[in-house]
Structures are given as structure tokens and as C-alpha cells.
Amino acid sequence: MAALTPVKPTPASFYVPVVAAAGGFAGIFVGTAQGATLLGLVAGAALLAGIALLLAGALSEKEKAGRWGLFVLMALAGFTLGGLMGGIIGALFGWFFGWFIYWLSTGRYRQKLVPYLTPGQVLWHYTFRVICGAIFVFLITPIIVVMPLSFNAQDFFTFTPEMLRLDPDGFSMKHYDDFFTNSDWQNALWNSLTIAPMATLLSVTFGTLAAIGLSQPHVPYRQAIMAILISPMIVPLIISAAGMYFFYSRIGLQGTYIGVVLAHAALGIPFVIITVTATLVGFDRSLTRAAANMGANPTTTFFRIQMPLILPGVISGGLFAFITSFDEVVVVLFVGSAGQKTLPWQMFTGLREQISPTILAVATILVALSILLLATVEILRRRSERLRGMTPA
Amino acid sequence: MKLTTALLATSALVVSAGVASAQSMTIVSWGGAYSASQKNAYHDPYSEKTGVEIINDDSSAEAVAKLRAMNEAGNVTWDVVDVVGADAIRLCDEGLAMEIDHDEVLAAAPDGTSASDDFGDLIVSDCFVPQIVYSTTFGYRTDMVPAGVEAPNDICDVFDLETYPGKRALEKRPINNMEWALLCSGVAKEDVYDVLETEDGIAMALAKLDTIKDQTIWWSAGADTPQLLADGEIFMGSTYNGRLFSLIEEQGQPVGMMWDAQVFDLDGWIVPTGLSEERTKQAMDYLFFATDTQRLADQAKYISYGPARASSAPLVGKHASLGIDMAPHMPTDPANAANTFLFNYEWWADYRDDLDAKFQAWLAQ
Amino acid sequence: MTSTSDSSAEQAAASGPMLAADGTPLKKSIARALRMQKLRALALIAPLLIFILVTFIAPIADMLFRSVENQIVSTTLPRTITTLEGWDGSAGEAPGEDVFAALYYDMFVAAEAKEHTKLGTRLNYEQTGISSLFRKSGRKLDDLGKDYQKPFEKAAKDLGDGAAFHALMTGTGPSDSALLESTRARLEALTGDSMAGEIGFAPGAEISALLPLTAAAYADFAVFTARVDGDAPADEDPWEAVYTALAHDLATPGTIEKIASYTGPGAELLQAAADVAPSLPDYRAFFEDVDEDWLDVANWSTIQTYAPNYTSGYFLNAIDMQKTPDGTALRDDDERIYIMLFKRTMFMSLVITFSCILLGYPVAWLLANLPMRTANLLMILVLLPFWTSLLVRTSAWKVMLQQQGVINDVLVWLGLVEDTARLIMINNQLGTIIAMTHILLPFMILPLYSVMQTIPPTYLRAAKSLGATNWTAFWRVYFPQSIPGIGAGSILVFILAIGYYITPEIVGGTTGTFISNRIAYHISSSLNWGLGAALGAILLAAVLLLYWCYDQIVGIDNVKLGG
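Residues numbered from 1 in each chain as written. Chains lettered and ligands numbered in written order. Predicted model: local features only at pLDDT ≥ 70, side-chain atom pairs only at ≥ 80, totals over all residues. Heavy atoms only, no water.

### Focus: the overall build of chain B
Counting its secondary structure elements, chain B contains 14 helices and 10 strands. A compact globule built from 365 residues would reach a C-alpha radius of gyration of about 21 Å, and chain B, at 21 Å, matches this within 12%. Once the C-alpha set of chain B is aligned to its principal axes, its extents read approximately 65 × 45 × 35 Å. By sequence separation, contacts in chain B at least 24 residues apart represent 75% of the contacts at least 6 residues apart. (Helix = DSSP H or I, 4+ residues; strand = E, 2+ residues; numbered from the N terminus. Rg over C-alpha atoms; globule rule 2.2 N^0.38 Å. Contact = heavy atoms within 4.5 Å.)

### Quick look at the state of the cysteines
Residue and element names in this part refer to chain B. Scanning all chains against the criterion turns up 2 disulfides over all chains. The partner cysteine of Cys92 in its disulfide is Cys127, sulfur to sulfur 1.9 Å. Taking the sign of the S-S torsion, 65 degrees for the link of Cys92 and Cys127, the bridge is right-handed. Note that Cys92 is positioned in helix α4 (residues 85-93) and Cys127 in the loop between α6 (115-119) and β4 (129-141), a separation of 35 residues in sequence. A sulfur-sulfur distance of 2.3 Å marks the disulfide that ties Cys156 to Cys184. (Disulfide = S-S within 2.5 Å.)

### Quick word on the packing of helix α18 (residues 338-369) of chain C against helix α27 (residues 529-553) of chain C
Residue and element names in this part refer to chain C. Orientation of α18 relative to α27, taken along the N-to-C sense of each, is 35 degrees, at an axis distance of 12 Å. Helix-helix and strand crossings are classified by hand; for α18 and α27 the assignment is right-handed. Contact with α18, carried on its side by Tyr338, Phe342 and Met346, involves Leu531, Leu535, Ile538, Leu539 and Ala542 of α27 and no other residues of that element. (Axes fitted to C-alpha atoms, helices over the stretch in contact; angles between N-to-C directions. Left-handed = near helix turned anticlockwise from the far one by under 90°.)

### What about the interface of chain C and chain A?
Much of the literature gives interface size as the accessible area that the parts lose upon coming together. Counting from both sides, the interface comprises 92 residues of chain C and, opposite them, 97 residues of chain A. Between chain C and chain A, roughly 8800 Å² of surface is buried when both sides are summed, and carbon and sulfur atoms account for 81% of that area. Linking chain C with chain A are 1 salt bridge, by the criterion used here. Where chain C touches chain A, the interface holds 7 residue pairs in polar contact (both at pLDDT 80 or more). The element contributing the most residues to the side of chain C that touches chain A is helix α2 (residues 26-66) of chain C, with 23 residues. Each residue belonging to the side of chain C that touches chain A can be placed in one class, and the counts come to 65 nonpolar, 17 polar and 10 charged. (Buried area = accessible area lost by both parts, 1.4 Å probe. Salt bridge = Lys/Arg side-chain N within 4 Å of Asp/Glu carboxyl O. Polar contact = N/O pair within 3.5 Å; in protein donor to acceptor, adjacent residues only side chain to side chain. Nonpolar A, V, L, I, M, F, W, Y, C, P; charged D, E, K, R; others polar.)

### Side note on the confidence of the model for chain B
Residue and element names in this part refer to chain B. When pLDDT is averaged along chain B, the result is 86; 94% of the residues meet or exceed 70. Taken element by element, the predicted model of chain B shows its lowest mean pLDDT in helix α1 (residues 2-15) (41) and its highest in helix α7 (residues 177-183) (95). Per the prediction output, this complex has pTM 0.87; the corresponding ipTM is 0.85. (pLDDT = per-residue confidence, 0-100.)

### Topic: the environment of Glu250 of chain B
Residues and elements named next belong to chain B. Along the chain, the position of Glu250 falls in helix α11 (residues 241-250). Using a relative accessible area of 35% as the deciding quantity, one classes Glu250 as partly exposed. For the pair Glu250 and Ser321, spaced 71 residues apart in the sequence, the C-alpha separation amounts to 8.9 Å. Excluding its chain neighbours within four sequence positions, the residues that come into contact with Glu250 are Phe245, Tyr302, His319 and Leu322. At 2.9 Å, the side chain of Glu250 and the side chain of His319 are in polar contact. (Buried < 20%, exposed > 50% of the residue type's maximum accessible area, 1.4 Å probe, protein only.)

### Some thoughts on the interface of chain A and chain B
Taken residue by residue, the interface counts 22 residues in chain A and 28 residues in chain B. Of the roughly 1900 Å² buried where chain A meets chain B, counting both sides, 48% is carbon and sulfur surface. For the pair chain A and chain B, the number of links is 0 salt bridges. Of all the secondary structure elements, the ones that give two or more residues to the side of chain A that touches chain B are α9 (237-250), α13 (330-335) and α14 (343-352) of chain A. Among the residues forming the side of chain A that touches chain B, the class breakdown is 8 nonpolar, 9 polar and 5 charged.

### With respect to helix α6 (residues 116-124) of chain C
Most of α6 of chain C is tucked away, with 8 of its 9 residues classed as buried. Listed in full, the buried residues belonging to α6 of chain C are His116, Thr117, Leu119, Gly120, Thr121, Arg122, Leu123 and Asn124 of chain C.

### Considerations on the pattern of salt bridges
One pass over the structure, following the stated rule, counts 26 salt bridges over all chains. Here Glu63 of chain A makes a salt bridge to Arg67 of chain A, at a shortest N to O gap of 3.3 Å. One end of the pair is Glu63 of chain A and the other is Arg67 of chain A, both in helix α3 (residues 63-105) and 4 residues apart, which spans about a single turn. One salt bridge connects Asp220 of chain C with Arg186 of chain C, and the closest N-O pair in it is separated by 2.9 Å.

### Section: α9 of chain A
One turn of an α-helix holds 3.6 residues; hence residues three or four places apart share an orientation. Its 14 residues give α9 of chain A an end-to-end C-alpha distance of 20 Å, which sits within 8% of 20 Å, the value for a rise of 1.5 Å per residue. With respect to burial, α9 of chain A is a largely interior element, 12 of its 14 residues being buried. Residues of α9 of chain A that are buried sit in contact with α10 (257-281) and α13 of chain A, α3 (63-73) of chain B together with α2, α26 (515-524) and α27 of chain C. Looking one or two residues past α9 of chain A, Gly252 of chain A carries a phi angle of roughly 75 degrees, positive in sign. (Expected span 1.5 Å × (residues − 1).)

### Some details on the domain arrangement of chain A
Assigned domains within chain A: domain 1 (12-116) and domain 2 (174-387). When each unit is reduced to the centre of its C-alpha atoms, the spacing between domain 1 of chain A and domain 2 of chain A is 50 Å. (Domains from an automatic or database assignment.)

### Some words on the domain arrangement of chain B
All names here are of chain B. Each assigned domain of chain B is listed here: domain 1 (2-127 + 271-333) and domain 2 (136-265 + 339-364). The C-alpha centroid of domain 2 is placed 29 Å from the C-alpha centroid of domain 1. Each partner contributes residues to the interface: domain 1 has 17 residues there, and domain 2 has 13 residues. Between domain 1 and domain 2, a total of about 1300 Å² is buried, with carbon and sulfur atoms accounting for 62% of that surface. In terms of surface lost to domain 2, no three residues of domain 1 exceed Tyr305, His329 and Pro331, which account for 32% of the buried area on that side. Across the contact surface, domain 1 and domain 2 share 3 residue pairs in polar contact (both at pLDDT 80 or more). Residue composition of the side of domain 1 that touches domain 2, grouped by class: 11 nonpolar, 5 polar and 1 charged.

### Digging into the side chain of Asp320 of chain C
All names here are of chain C. Following the sequence through the fold, Asp320 ends up in the loop between α17 (313-318) and β1 (321-324). Of the buried charged residues, Asp320 lacks a salt bridge, with Arg331 as the closest side chain of opposite charge at 5.8 Å. At 3.1 Å, the side chain of Asp320 and the backbone nitrogen of Tyr338 are in polar contact. At a separation of 3.1 Å, a polar atom in the side chain of Asp320 contacts the main-chain amide nitrogen of Ile339. Apart from residues lying up to four places away in sequence, Asp320 is in contact with Leu330, Arg331, Glu335, Arg336, Ile337, Tyr338, Ile339 and Met340. (Lys, Arg positive; Asp, Glu negative; His and termini not counted.)

### Re the confidence of the model for chain A
Per-residue confidence for chain A averages 85 on the pLDDT scale, and 96% of its residues sit at or above 70. No element of chain A has a lower mean pLDDT than helix α5 (residues 161-164) of chain A, at 79, and none a higher one than helix α7 (residues 183-214) of chain A, at 92.

Below, the structure written as C-alpha cells:
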């Protein structure tokens with residue numbers, strides 16, 4: 001993006017206090033950790049003010065060298081103070097302050113903002129970004145945190161001192177080994193892999209047909225039908241689970257593969273309906289009419305015209321249905337029996353009955369899988385928009 | 001009809017013990033180290049001998065509910081179920097478990113003592129084949145015992161926050177907790193259930209629990225307390241003695257076990273009603289195999305629960321991988337059993353609903 | 001508008017109905033096409049609708065039915081209930097001998113079918129102690145019959161013989177089919193299995209008139225033996241209850257005289273029995289002997305109160321009330337829990353919804369105002385948690401929040417918190433709120449984002465250029481336009497939150513659990529399915545109400561999922 005505001009260096013009276021404030025803030029933590037809060041604050045502020053003067057003043061032309069220097073210096077300082085972990089934290093500090101000092105002193109921070117903003121508004125703009133950043137951290141940290149724990153050499157859910165020191169002895173692949181060799185986990189994986197695709201197939205087939213039906217112009221009781229079809233997403237899972245448990249027991253489906261597949265298919269259907277109807281909203285009906293005009297029968301029209309166009313919606317609905325089944329634990333706990341023990345069920349047991357970070361290893365694998373699926377959906381979405389001639393929005 | 005079929009099937013079985021057919025059977029148990037010990041001591045040798053594939057289902061905690069639902073549907077998918085004594089009584093009462101003639105179905109002791117004599121009083125229900133004796137007791141962090149104080153060795157130390165500060169873990173239900181609270185309110189052991197029957201008794205027990213309520217984490221799954229102890233989240237907590245054994249001996253955590261007023265309880269097998277004749281036969285064959293004197297003693301190699309047969313006790317040997325003597329870790333060991341508390345099944349069957357409502361209301365306050 | 005249609009109507013009137021290409025009137029043709037279209041749409045929808053109705057709606061209806069279902073009392077103790085109808089508990093007297101007699105025979109059959117303890121368990125939900133009362137009584141029922149059986153067998157050995165007794169009860173001449181049918185029906189209701197089919201026994205009408213109780217007791221025995229046990233009644237020894245009934249019949253004035261003139265098969269056996277001249281069985285004393293609680297009016301009131309086939313008892317229980325002989329009343333203070341749980345569920349869901357708005361709004365705003373490419377990239381950070389297994393996220397929060405967990409470790413390491421004073425953030429409401437806010441946040445961000453995308457940024461600029469401050473511009477111009485997004489997100493989050501089960505179970509402790517946890521408890525551990533269903537019904541009603549609101553405000557069609 002082109003610069004909205006011309007970049008011009010800021011005076012030292014601006015960036016030194018700001019950097020010093022940030023340094024003081026960081027100093028509080030370092031200081032408190034050493035038992036001297038006030039000293040940490042003062043020392044941090046003074047240190048960073050000095051560095052800022054040095055970098056932005058003397059080394060203003062050699063930005064690259066300045067930043068690398070600070071990075072290495074801080075990393076070394078951290079390492080001498082707190083070992084490998086301290087080194088990493090120091091390096092992060094170094095990287096951040098290096099960037100921060102040049103960003104402020106060169107005036108780049110206003111580059112992307114409209115020129116008429118008051119300093120207060122600029123401050124608010126960045127404070128707001130920091131707040132949003134914190135929320136993103138809140139969203140993502142729990143998922144990041146379990147990953148290193150899955151390499152724990154111990155059998156418990158806590159970071160051991162060895163792990164914090166980044167000592168290789170504190171880490172091991174044994175929980176992954178356990179996952180790939182333990183027959184309980186492998187059975188669970190196999191069950192999940194046989195139940196989820198079947199359930200997905202059912203929800204996608206029925207769901208797509210119904211979504212096409214629902215998108216027709218004149219559907220009686222459309223609202224009511226829609227409400228019923230979406231209800232599996234809305235009704236609390238525990239109620240669905242209890243109801244299915246009693247009813248499926250009565251008709252002999254409790255504890256069977258078919259029972260679990262039917263239950264999961266029902267839970268996945270709302271997702272298919274929602275995504276496919278959304279795709280059909282942008283569907284140009286004249287295309288099917290044109291096809292019919294040229295002599296195609298309804299089946300051909302459907303498979304050759306409509307299907308390719310709504311396919312991305314169908315696939316992403318299918319992915320949702322798949323992940324619903326693949327992730328579902330409450331219903332399968334009630335409706336299934338040992339023969340249908342799925343991965344989430346085994347994880348739930350792992351959390352409640354036995355102490356084993358194997359579930360964290362599984363979690364990490366599943367997160368990787370989620371990222372993969374997420375990427376797929378994103379690509380499909382873009383493709384769909386391109387096909388429908390919409391600008392990416 | 002069900003009863004007669006069972007008897008027919010079992011007598012047929014005694015004649016031709018050891019039907020070998022390449023099928024599978026579902027055995028329901030509690031999961032974790034306990035299921036692992038059963039797998040090692042019973043399932044694996046049995047599969048090897050007969051070729052029957054054994055599927056493990058860790059649903060014992062919901063056994064009564066699931067069996068009831070299966071029975072309603074007339075489609076019982078379980079063959080043998082591991083349940084606690086109280087649940088066995090309940091299942092037998094409701095006609096969900098099959099009555100078993102212990103002497104006909106089970107092996108006699110090596111010295112010829114009949115099975116029913118060998119198990120003795122532990123056969124708390126006609127449907128129940130006892131397997132192990134376990135205790136619910138307290139474990140504590142040895143490194144969190146305050147300096148200059150001896151390690152807790154009295155049940156009332158649980159309620160003594162002054163001498164032993166730190167969090168507690170108790171099970172999220174009235175059973176056991178109410179008894180302990182009364183014992184530590186000065187009620188004699190033999191009067192506990194009489195007192196608990198009265199409104200005042202309940203109030204007294206809850207008042208005692210009130211003193212540690214805000215320091216207590218309430219657990220509902222067997223793995224909770226060991227995990228909490230290992231994480232250093234609590235100072236002491238109640239759990240099953242086998243879980244503590246594995247935490248202390250197998251995982252080497254700084255945890256000690258307290259043997260005082262631990263609640264003695266039973267665990268064993270039942271066979272559901274409504275199985276086909278062939279499956280019943282299979283189940284009985286399994287029971288014959290898995291509950292003989294030697295195998296019950298074998299299980300004790302893997303987990304510190306006492307074998308239910310009197311004749312198994314002398315055969316209890318060393319731990320399978322650690323090589324330590326298992327006998328001193330058994331709840332049945334005389335030194336450990338010096339001050340046990342006997343759990344009253346009958347009483348709890350009546351008062352469970354009522355006390356549970358009161359207990360949950362108290363918890364939620 | 002009006003004039004156009006008027007003129008076209010005139011035209012139509014002038015030239016007759018407008019015709020379609022195939023010659024049918026256009027109106028009709030259009031109507032038919034429309035109908036065809038509707039039918040085709042419905043045909044496409046029908047498979048799914050049927051699928052959902054069968055796999056999802058029917059189970060829920062079935063479960064809700066359990067919250068009022070109460071046939072167990074009248075199927076297990078049918079005759080007792082009928083005789084108990086006239087009893088009035090307010091007099092403070094236990095019911096009379098006839099009720100105890102009916103109870104004895106009902107209980108005997110129920111105990112044979114192992115149904116009496118189920119009823120005991122059911123009634124124990126309402127009145128503590130009934131469970132063991134029933135169990136204990138079931139075990140001792142044989143004793144009364146045995147006391148009579150012995151002298152009978154002493155008088156004539158064949159009285160204890162199955163075949164001889166069978167012959168005696170079959171008699172000659174016409175059979176009492178009414179008795180047999182009513183017995184079948186009663187046992188069918190009791191066991192839930194079909195009792196139809198050959199049973200190898202038909203009670204003689206003559207003997208049934210002579211010994212009505214005995215005939216009824218023997219019919220119970222015969223039907224049960226034949227249909228449940230699968231044995232021929234003639235091969236089996238009669239139940240003890242048959243002898244009690246025989247004693248009762250013989251002690252009834254006039255019976256002995258009639259027996260003297262009876263000539264059917266087994267007449268001499270009967271005569272021998274009559275010579276024993278047994279006393280009238282004292283059922284009441286027998287039950288009192290088993291357990292004196294049988295004379296407790298409260299127990300009988302409970303049986304009477306819960307006699308109807310359908311009960312509001314579970315629903316009352318679910319709102320901390322109970323049925324008493326004098327109507328409904330609040331439960332004791334120390335047993336009230338559900339209202340509190342419902343309130344807590346509502347309160348915590350509100351807090352969670354509010355925190356989601358608080359955290360979701362800035363993020364959605366940022367996403368809506370960033371360039372597309374950056375926004376899409378950041379969107380992944382929102383979607384990743386959304387796609388990650390619920391259990392993973394919950395266990396992650398367990399790892400983060402516990403006292404020896406990541407957050408506390410970091411705080412202690414930074415020196416912000418003393419090692420001995422680590423924060424308690426788990427196993428309480430705070431833990432549930434934090435974890436659930438995290439889990440439900442994407443459900444708030446996504447609808448907010450889609451609404452905010454449609455708000456043109458120029459409005460804000462216009463407001464500012466007209467002199468509004470930042471705050472005024474936001475509050476008066478932008479915020480009102482984003483309210484539909486807040487509404488949609490809030491209802492969605494709230495609906496999902498009040499039904500949550502897994503997360504509160506794992507991080508909630510005792511104060512952070514929801515009503516769902518209690519429902520699960522009743523369904524899988526306490527086995528009070530009726531109460532679980534009633535709680536579920538109330539929760540479901542609340543959710544459906546919100547769902548309806550959602551439909552009214554947002555429209556179900558407008559639910560959007562990320563991607």
C-alpha cells in the first residue's frame with residue numbers, strides 16, 4: 001500500500017520517552033522477578049532510552065546492523081542471566097525493541113494512517129491494535145500451549161523444569177509412540193475414520209438435496225422446515241444425546257455402528273444445509289434454464305451445471321459435517337459402545353480415567369489436521385467466488 | 001426362562017469346560033491401570049488359550065444405566081461386566097444380572113474348598129462373582145507435610161487444616177465423605193449409619209465438611225486425585241488404593257498413603273441377563289477361567305488390590321515389573337486393615353437419593 | 001397499478017381466458033406449474049426431513065415423554081392401587097386388610113418377575129426408605145405361603161405336587177376364560193413381554209367360583225411359568241402364594257361347606273385341605289413383621305399419590321417442589337438445588353455472552369476494516385480454535401488455569417504472584433467462564449464480522465467531517481448499525497452456552513457446573529431418568545424460545561459459518 005502520509009523522522013524528544021516508557025514497563029517484570037520492582041523500572045527505562053538514542057541517533061542510517069546488534073546483544077544478556085530460555089526471551093526483546101525504535105524514530109508508524117490524525121488518535125489507533133492483538137493471543141495461546149506439552153517426557157500435564165530449561169531430556173516422542181502403537185488409540189482412530197466419512201456422506205447427500213429444494217422459489221412452510229432441519233445444531237447436545245440413547249436403545253440401534261453414524265449424520269446436517277443454501281443464494285438460475293433450453297434433462301442439468309457451481313459449498317459443508325462427527329463426544333458416549341469408541345471418546349476417557357499426555361499428542365495431530373482442513377476450505381471459498389464471478393469478499 | 005437357561009448352560013459348561021470358538025466377547029471394566037491388570041492377568045491368557053478375541057469397554061461407571069437401556073431394548077451387547085458390589089446388588093435386584101450358582105460355575109480352590117466357601121462373605125449378591133477387595137483411602141504429598149509435624153495417619157487429619165494446611169480432594173458424592181465426617185465428629189464407628197439416618201446426623205456431617213469446604217476440590221473420576229497429587233494441586237485427597245500405589249511405586253511421585261478408616265469395598269463380575277445360550281456359555285467359561293485361585297493372585301502382580309479368594313492370598317507374589325512384594329500393599333494385609341470401615345450397601349441403597357439431593361444442595365451453596 | 005390490472009381483467013373478460021401454448025387456461029397452467037414446483041421442492045426436502053424426524057426429533061420426543069411417564073406403579077401393583085383408591089391418608093391410619101392382601105399377591109408376582117425393586121427404586125425418589133422396604137419384603141414373601149403349605153402337604157402329600165394341583169385347578173367343565181385373559185393382560189403390563197399363546201392351563205369355572213383367590217393366584221403362577229420361564233405349569237410346584245390364597249379361600253365362611261359337595265378332580269385333596277381348617281391369613285401383621293414401615297402412612301400416601309399413569313412429579317421435582325397428599329409444596333431448604341442451578345446456568349451464560357461481545361467486537365471491527373488479505377490471514381486465527389477439537393481446547397485450559405499451570409507459573413516467574421498464593425482459576429465459575437468464552441468467541445466474531453462488513457466506512461468519515469468526535473461518531477453512527485450482529489452473535493452464543501456439558505464438567509468444579517451436568521448425572525449415574533428428562537424438557541423449552549427469538553430477529557437463513 002502506498003504511504004498515506006509522507007515519512008519523516010521524528011525528534012528524539014518523541015521517541016526516547018516512548019521507548020523509555022516501554023522499557024520501563026518491561027523492566028517491571030524483569031525487576032519483580034529479581035525482587036526489585038522499582039529498580040527494574042528505572043533501569044529498564046534508562047537502558048532503553050540510552051539504546052534508543054544510540055540506535056536512532058548514531059546508527060540511524062545503518063538500520064539493519066543496529067537491529068541485528070541489539071538482537072544478538074539482548075539474546076546474549078538473556079542467556080547469561082537465564083540460560084537457553086532466557087536467551088530466547090532476550091532475543092525476542094531485542095528483536096522487538098530494535099524494530100520499535102526504528103519504527104518510531106523514522107516516522108514509519110504514520111505511514112499507513114491518514115495525515116490529519118491527531119497524536120491522540122494515532123495513539124488510540126495503535127492501542128486498539130494492541131488490544132486486538134491481546135485477544136488474538138487469548139484465542140490462540142491455549143492451542144499453542146498444548147503442543148510443547150505433548151513432547152513431555154513425564155506422564156503429567158505440567159511443564160517440568162527440564163522442559164523450561166529446554167533440556168532435551170525433558171522432551172520425548174513417547175506419547176506419539178503410544179498413540180501410534182497402543183491398540184486402544186489405534187482402534188479409536190480407526191473407528192473415527194470409519195464413522196465420520198459415512199456420517200458425512202449421509203449428511204451431504206440428504207443435506208444437499210434438501211438445500212436445493214429449500215432454495216426453490218415456492219416452498220410451503222419453508223420457515224418451519226428450516227427450523228426443524230437446523231435444530232440439531234441448536235438443541236443442547238446433552239438433550240440430543242439422552243434422547244437418542246433412550247430411543248436408539250428401544251429400536252436396537254444403541255451400541256451399533258449404524259446408530260452412531262445416524263446420530264452423527266443428524267448432527268452434521270445443519271452445517272451442510274447452511275453452507276449449501278449460502279452458495280445457492282448466489283446461484284444464477286438462468287443457467288439451469290439455459291441448459292434446459294438447450295435440451296439437457298434435469299439430471300444432466302444438475303450434474304453438469306448446478307453441481308460444479310455449488311460444489312465448493314457442498315465440500316465445505318461436508319468438511320463441517322466431517323469435523324462435527326470427528327470431534328463429537330457427548331452423543332457417542334451415550335449412543336456408542338466399546339466397538340464404536342471414537343477418538344474424542346478415547347480422549348475424554350484419557351482426561352477422566354487415566355493420566356496420559358497421549359491425548360495432548362493426539363490434540364497436536366488434530367490441530368495440524370484442522371489447519372489442513374482450514375486451508376482447504378479457504379482455497380475452496382476463493383475458488384467458489386472466482387467461479388461465481390464475485391470479487392473476493 | 002432366563003434363570004433356567006443360565007443353569008442349563010452352566011451345567012453343560014462344567015461338563016465341557018473350555019469351549020474353544022473363534023469369536024469375540026465384550027468385557028466391560030473401569031479402564032486405566034485396572035483394565036490393564038485384567039488384560040495381563042485374565043484376557044491375554046484367555047485369548048491365547050481359546051482364541052476368543054476380547055473387546056474392552058471402559059463403561060463400568062455407567063454399567064447400570066447402560067444395562068438397563070440395553071435390557072429395555074432387548075439387545076444386550078456386553079458379555080461380562082465388572083461392577084462394584086453395590087451396583088451388583090442393584091443389577092441383581094432389577095433382574096439385569098444373571099443369578100449364578102457359584103459352586104457350579106466357578107473353580108474350587110486347589111485344596112478342594114468349594115468356590116462359595118473360598119469367597120465366603122464377599123458374595124454379597126447371588127449374581128456377583130467377587131474379584132478384588134479395594135479401599136478408598138487418602139494419599140498426601142510427603143513434600144508438603146509441614147516441617148516438624150509427622151505425616152498424617154489419622155482420618156481426622158483430613159479435617160485438621162491447622163496442622164495440615166493445603167487443599168483436599170474428596171469425591172463429589174456423599175458416600176464415604178459423610179461417614180468420615182461423622183467419625184471425626186466423635187461418632188463411634190458402629191453408630192455411623194444410625195446417626196446418619198437422622199436430620200441432626202446429616203447436619204452434623206455437613207457441618208464437619210463445611211470446615212474444609214473452601215479448601216476442597218471435588219473429584220468425580222478415579223484419575224483426578226492422582227493427577228492433582230502429581231501436579232501438587234492438593235495436599236491430600238481420597239482415591240482408590242491401587243491408584244495411589246501406582247502413583248507412589250510405579251511413577252515415583254512424592255506421595256504417601258494413609259491407612260486409617262479407609263472404606264473397604266468389593267469389585268467383581270456379573271453376567272447380564274438376556275444373552276443367547278452360546279454367549280452365556282462363553283461368559284461362564286471366561287468366569288471359570290478368570291476367577292480361579294491362581295489368576296486372582298496373578299492380577300495382584302499388576303495392581304495393589306486384594307484377591308477376593310481366601311486361597312489366593314498366600315500366592316500373591318511380587319510386582320510384575322518393579323519386583324517389590326505386593327502383599328504389604330494389599331488392603332487385606334493385616335497391618336493395613338487394622339482400622340477399616342465397612343461400607344453399608346443396604347443403607348446406601350435407601351438413602352442414596354435423599355442424601356445425594358441434600359449433599360448436592362449443600363455443595364452448591 | 002390498479003388501473004393496469006383492471007384493464008387486463010377487462011381484456012381477459014373480452015377475449016375469454018388467456019390460453020397457454022398447450023391450450024389450457026394460463027391461470028390454470030401457472031397454478032399447475034407452481035404446484036409442480038412446490039411438489040418438486042418438497043420431494044427434494046422430504047428425505048432429509050424424514051431422516052431428521054426419525055433420527056433426531058423422535059428421540060427427543062421420546063425422552064420428553066419419560067418426564068411424565070409413570071406406569072410403573074399401576075403395572076406393578078395394579079390390584080393394590082385399585083383397593084387403595086378409597087383410602088384416606090389424612091386420618092393417619094394405615095390402609096386396611098384388603099389393601100395388604102392385594103399388596104401381597106401383587107408383590108408376589110412382581111417379585112417373581114423381579115419388578116418390585118424397580119418400583120422400589122422409583123418410589124424411593126419420592127420417599128426415602130421405600131427401596132429397601134420393597135427389597136426386604138420381596139425376599140420374605142415366600143415365608144407366609146410356606147407356613148400354610150406345610151400343614152396342607154402334611155394333610156395330603158399331593159397338595160404339594162405340581163401335576164395334582166394342576167388337575168385340581170383345571171377341574172372339569174367350562175373354563176373361566178375371563179380370569180385367564182385378565183391375568184395375561186396384567187402380566188403383560190408387568191413384564192412388558194407378550195403373554196399370548198398356549199400355556200397348558202385353563203382355570204375351571206367351577207373351581208374358580210369355589211376358590212376365587214386360589215384360582216387367581218394359580219393363574220398368575222401358570223401364565224408366568226409358561227410364558228416367562230418357558231415350563232409347563234403341570235411340571236412345576238405352585239408358588240407359595242397359591243397356598244396362602246387357598247388358606248384364605250378356605251377360611252372364608254361358607255367355602256368349606258361348598259367343598260363337601262364338590263366332586264370335580266382332586267375333590268378328596270380339597271377335602272383334606274379343608275380339614276386342616278387354616279386360619280385367615282393376616283397380611284397386615286405379616287407385612288408389619290417384615291418391616292413396620294409398612295404401617296407408615298407416609299409410604300402409603302406416596303404410593304397413592306404416584307398411582308396415576310402420568311405424573312407431574314418429575315417436573316415439580318425439577319423446580320424444587322414436590323407432590324404431597326395436600327397438593328404441591330416447596331421442598332425443604334436443604335434439598336433445593338435445581339432453581340439455583342437454572343439461575344446459575346442463565347447467569348453464567350449471560351456473563352459468557354457478555355465477555356464474548358466485549359472481546360469479539362474489537363476483533364470483528366478490526367477484521368472488517370483491514371485490507372482483505374490481512375483480514376483473511378487474521379481470520380485463520382479466529383477459525384483455528386473454532387475448528388480445533390472441543391476436548392483439546394478444554395484440556396488446554398486445564399493446563400493453563402490450574403494452580404501449577406502455565407498462567408500461574410508465568411505469573412510466579414514474573415514475580416507478580418507469590419508462589420504460596422497462586423491464583424485459583426479452575427474448578428470454579430471463573431474457570432468455566434474463561435474456557436467457555438474462549439470456546440464460544442468465534443461464534444460471536446463470525447456474525448459480527450459479516451454484519452460489520454456491510455457497514456460502509458464512509459459513514460464514519462462523514463460523521464467525523466460533520467464535526468462528530470471519534471466517540472460520538474462511533475456510538476451514534478457505527479454502533480447502531482452493528483447491533484444486528486451483536487444480536488445474532490449473542491443469541492447464538494447464549495443458546496450454545498446454556499446447553500454446555502463437557503467444558504463445565506472438566507473445568508467447572510462444583511460451583512461452575514451447569515444444569516446439563518445435572519441432567520447427565522441423572523441419566524448415567526443416579527438413573528432417575530424421569531427427573532433427567534424433566535430437567536431436559538425445561539432446558540429445551542428455554543433454548544427453543546431463544547431459537548424462536550433468533551429466527552424472528554436474524555432469520556435462520558442468515559446463520560453464517562466461517563469460510
